[in-house]
Every structure is written in structure tokens, then in C-alpha cells.
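Examination of the molecular architecture
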Amino acid sequence: VGPGRVQVFGRWERVDGDGSRDTTTPAIGANYLVRGHDLKTTVEWSQIDRHDIGTTQVWTVQVQFGI
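Figured I'd write up the structure that's included with this text. (Residues numbered from 1 in each chain as written. Predicted model: local features only at pLDDT ≥ 70, side-chain atom pairs only at ≥ 80, totals over all residues. Heavy atoms only, no water.)

Here we look at the overall build of the chain
For the chain, the count of helices and strands is zero helices and four strands. Element order for the chain, N to C, with α for helix and β for strand: β-β-β-β. Computed over C-alpha atoms, the radius of gyration of the chain comes to 15 Å, more than 25% over the 11 Å expected from 2.2 N^0.38 for 67 residues, which places it beyond the range of a compact globule. Expressed along its principal axes, the backbone C-alpha trace of the chain runs to roughly 45 × 20 × 15 Å. Taking all 67 residues of the chain together, the buried fraction comes to 16%. Within the chain, counting contacts between residues at least 6 apart in sequence, those at least 24 apart form 29% of the total. Entry remark: accessible area of the chain is about 5000 Å², with carbon and sulfur atoms responsible for 55%. (Helix = DSSP H or I, 4+ residues; strand = E, 2+ residues; numbered from the N terminus. Rg over C-alpha atoms; globule rule 2.2 N^0.38 Å. Buried < 20%, exposed > 50% of the residue type's maximum accessible area, 1.4 Å probe, protein only. Contact = heavy atoms within 4.5 Å. Areas by Shrake-Rupley, 256 points an atom, 1.4 Å probe, with all protein chains shown as cover.)

Quick word on the pairing of strand β4 (residues 54-65)
Pairing of strand β3 (residues 39-50) with β4, which is carried by 12 bridges, proceeds in the antiparallel orientation. Each bridged residue has a counterpart across the sheet, and for Q47 the counterpart in β4 is Q57. (Pairing = 2+ DSSP bridges.)

Some thoughts on the pattern of salt bridges
Here the structure, examined in full by the defined rule, presents two salt bridges. Ionic pairing is found between E13 and R11, a salt bridge with its closest N-O pair at 2.5 Å. What makes E13 partly exposed here is its relative accessible area of 36%. With its nearest N and O atoms 3.0 Å apart, the salt bridge here joins R11 to E44. Of the two residues, R11 is situated in strand β1 (residues 6-15) and E44 in strand β3; the sequence distance between them amounts to 33 residues. Classification of E44 by relative accessible area gives buried; the value is 13%. Overlapping salt bridges, with partners in common, bring together R11, E13 and E44 in one network. (Salt bridge = Lys/Arg side-chain N within 4 Å of Asp/Glu carboxyl O.)

A look at the sheet that holds β1
An order of β1-β2-β3-β4 is seen for the four strands of this open sheet, with the pairing classed as antiparallel. Since the sheet does not close on itself, it has two edges, and those belong to β1 and β4, each with one partner. Strand after strand, the sheet turns through a mean of 15 degrees between neighbouring axes, direction not considered. One ladder, built from 10 bridges, connects β1 with strand β2 (residues 23-33); its direction is antiparallel. Bridge pairing in β2 links V8 to A30. (Axes fitted to C-alpha atoms, helices over the stretch in contact; angles between N-to-C directions.)

No statement about biological role is implied by the geometric values presented.
Structure below.
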């Protein structure tokens, strides 16, 4: 793992579809750039919180490659 190859990120979203502000989604993750954006992997954890159905956690693993 060389310098600049790992990118840590976070975000917070709120979906306000009907005016009730009922869904929030905080997330945190990291990218590992194997060969820049031509070959990278991403791991992300997020939590979806809806007041009407509760909270669930989601793990996402993604691989991106280009030619």
C-alpha cells in the first residue's frame, strides 16, 4: 500500500420524499486504488434509518476496472 492509494470517505444523506424527513443514511468507507481509477476496490458500511420500519445496516464491496 503506497501513499495516496487509500481514500477514506464518509457521507450523510437525508431523503425527504413526502416532507416528513423520514429516512437518513450515514455511511463510511474506503477505496483502495490498485491502478488508479482503472482498477480499484471499495468497501462501505451504511445504516439506513427509517422511522416507520426501523434501522438496517448494509455492507457493500465493489470492484471497478477499466481498459
